[in-house]
Amino acid sequence: STANAPEDDAPNRYSRTERTTYGRYSRDANSSGSSLPSNTLEKRIEELERELAKERQENARLMKMAQDKEELIGKLKEEIDLLNR
C-alpha cells in the first residue's frame, strides 16, 4: 500500500489546482449575477473534486491491474514457448 502513496497524492495535487481555478470561476460567475449562492457552488465543486479523486484512484488501480496482467501474459507466452521446444 505504500507503493501507491505517490499515486494517491496525485489526485489531491490536481484537486488543489482545480479548486483554485474553479474558485476563481465561481467568484466571477457570482459577480456577474449567478442565480446560485456561492456556498452552493463551492459545495458542489468540493463534491465533484472528491468524486474526481476517487475516479482517478480507480483509474490508477485499473491501469496497474492491466499492466500486471500484460506482464503475466508475457511470462506465460515465454513459458509456452519453452514448453513447445
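The paragraphs below set out a description of the structure included in this document. (Residues numbered from 1 in each chain as written. Predicted model: local features only at pLDDT ≥ 70, side-chain atom pairs only at ≥ 80, totals over all residues. Heavy atoms only, no water.)

1. Things to note about the overall build of the protein
- When helices and strands are counted, the protein shows 2 helices and 0 strands.
- Here the protein holds 85 residues, and the buried ones make up 12% of them.
- Of the roughly 7,300 Å² of accessible surface on the protein, a fraction of 52% belongs to carbon and sulfur atoms. (Helix = DSSP H or I, 4+ residues; strand = E, 2+ residues; numbered from the N terminus. Buried < 20%, exposed > 50% of the residue type's maximum accessible area, 1.4 Å probe, protein only. Areas by Shrake-Rupley, 256 points an atom, 1.4 Å probe, with all protein chains shown as cover.)

2. Some words on the pattern of salt bridges
- According to the stated counting rule, one finds 4 salt bridges in the structure shown.
- A salt bridge links E47 to R44; the shortest N-O distance between them is 2.7 Å. On the criterion of helical spacing, the pair formed by E47 and R44 is a turn pair, its members being 3 residues apart in helix α2 (residues 38-84).
- The residue D68 makes a salt bridge to K64 at a minimum N-O spacing of 2.9 Å. Placement of the pair is D68 and K64 together in helix α2, with a separation of 4 residues, close to one helical turn.
- Judged by relative accessible area, which is 39%, K64 ranks as partly exposed. (Salt bridge = Lys/Arg side-chain N within 4 Å of Asp/Glu carboxyl O.)

3. Overview of α2
- Its 47 residues give α2 an end-to-end C-alpha distance of 68 Å, which sits within 8% of 69 Å, the value for a rise of 1.5 Å per residue.
- Every buried residue of α2 is accounted for by L41, I45, E49 and A53. (Expected span 1.5 Å × (residues − 1).)

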